[in-house]
Amino acid sequence: MTPILEFTLTNTYKTRTILKNYLDSISLEDLNKIPEGYNNNIFWNIAHLVATQQILVYKFSDVPALVSDEIINAYRKGTKPEGDVTQAEVDEIRELLFSTLDQTKKDYESGMFKTYNSITTSMDSTLTNVEEAIAYNNFHEGIHLGSVLALRRAMGLT
């Protein structure tokens, strides 16, 4: 793994550690709460990051995702919470926050990502290879960390 990719994944781990701490410290009720003026909740934003990383890195590389199609379909771009999640679902996403990154690193180092189907994201970034997808993913995760912070503030959790 190149030093820049190692740096990039290290920063992804840092973002996800912050988010894991929210999963650990915010009640299930508050993780599910959608404040007035918002269309999603804290949990959705965190699960969305797991799904999106899998889509950007794995699906566009024609490599099977590490998470279920149910997770990807429930939390991909354009979705919203369809009901309250359970503690078991929170626990599953908490584990996937890091296991998916650990496996992504192993899969990258083993040369698994041989092709990439270019995509232009909604932020007008064109990704042409898996390295760009891994780097762009950090930008995307930063946006949603900001959303989680705004939701916390709207709910008086800060």
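Everything numeric here is computed off the predicted structure, so don't read it as measured data. (Residues numbered from 1 in each chain as written. Predicted model: local features only at pLDDT ≥ 70, side-chain atom pairs only at ≥ 80, totals over all residues. Heavy atoms only, no water.)

**Topic: the pattern of salt bridges**
Counted under the stated rule, the structure contains 6 salt bridges. We note a salt bridge from Arg16 to Glu141, for which the minimum N-O separation is 2.7 Å. Residue Arg16 is located in helix H1 (residues 3-25), and its partner Glu141 is located in helix H6 (residues 130-154); the two are separated by 125 residues in the primary sequence. The partner of Lys20 in a salt bridge is Asp24, and the shortest N-O contact between them spans 2.5 Å. Residue Lys20 and its partner Asp24 are both found in helix H1; the two are separated by 4 residues, about one turn of the helix. Take Asp24: its relative accessible area is 41%, and that puts it in the partly exposed class. (Salt bridge = Lys/Arg side-chain N within 4 Å of Asp/Glu carboxyl O. Helix = DSSP H or I, 4+ residues; strand = E, 2+ residues; numbered from the N terminus. Buried < 20%, exposed > 50% of the residue type's maximum accessible area, 1.4 Å probe, protein only.)

**Notes on the nonpolar core**
One finds Leu23, Ile42, Phe43, Ile46, Tyr75 and Ile93 to be the most contacted residues of the largest nonpolar core, which totals 28 residues. Elements supplying a minimum of two residues to this core: H1, helix H3 (42-58), helix H4 (69-75), helix H5 (87-109) and H6. The element contributing the most residues to this core is H3, with 9 residues. Other than its neighbours up to four places away in sequence, Ile93 contacts Leu23, Phe43, Ile46, Ala47, Val50 and Ile71. Listed in part, the 15 residues of the second largest apolar core include Leu5, Val57, Val63 and Tyr108. (Core = buried A, V, L, I, M, F, W, Y, C linked by side-chain atoms within 4.5 Å. Contact = heavy atoms within 4.5 Å.)

**Concerning the packing of H3 against H5**
Between H3 and H5, the shortest axis-to-axis distance is 10 Å and the interhelical angle comes to 25°. Classified by the angle between their axes, H3 and H5 sit roughly parallel to one another. When you trace H3 past H5, the crossing you get is left-handed. Across from Phe43, Ile46, Ala47, Val50, Gln53, Gln54, Val57 and Tyr58 in H3, the residues of H5 making contact are Glu89, Val90, Ile93, Leu96, Leu97, Thr100, Leu101, Gln103, Thr104 and Asp107. Its residues placed into classes, the contact of H3 with H5 shows 11 nonpolar, 5 polar and 2 charged. (Axes fitted to C-alpha atoms, helices over the stretch in contact; angles between N-to-C directions. Parallel < 35°, antiparallel > 145°, perpendicular 65-115°, else oblique. Left-handed = near helix turned anticlockwise from the far one by under 90°. Nonpolar A, V, L, I, M, F, W, Y, C, P; charged D, E, K, R; others polar.)

**Quick look at a nonpolar patch on the surface**
A surface patch of nonpolar side chains, about 270 Å² in accessible area, is lined by Met123, Phe139 and Ile143. In this structure, Ile143 sits in helix H6. We classify Ile143 as partly exposed; its relative accessible area is 34%. (Patch = residues over 30% accessible without salt bridge, like charges linked within 9 Å, V, L, I, M, F, W, Y side chains within 5 Å. Areas by Shrake-Rupley, 256 points an atom, 1.4 Å probe, with all protein chains shown as cover.)

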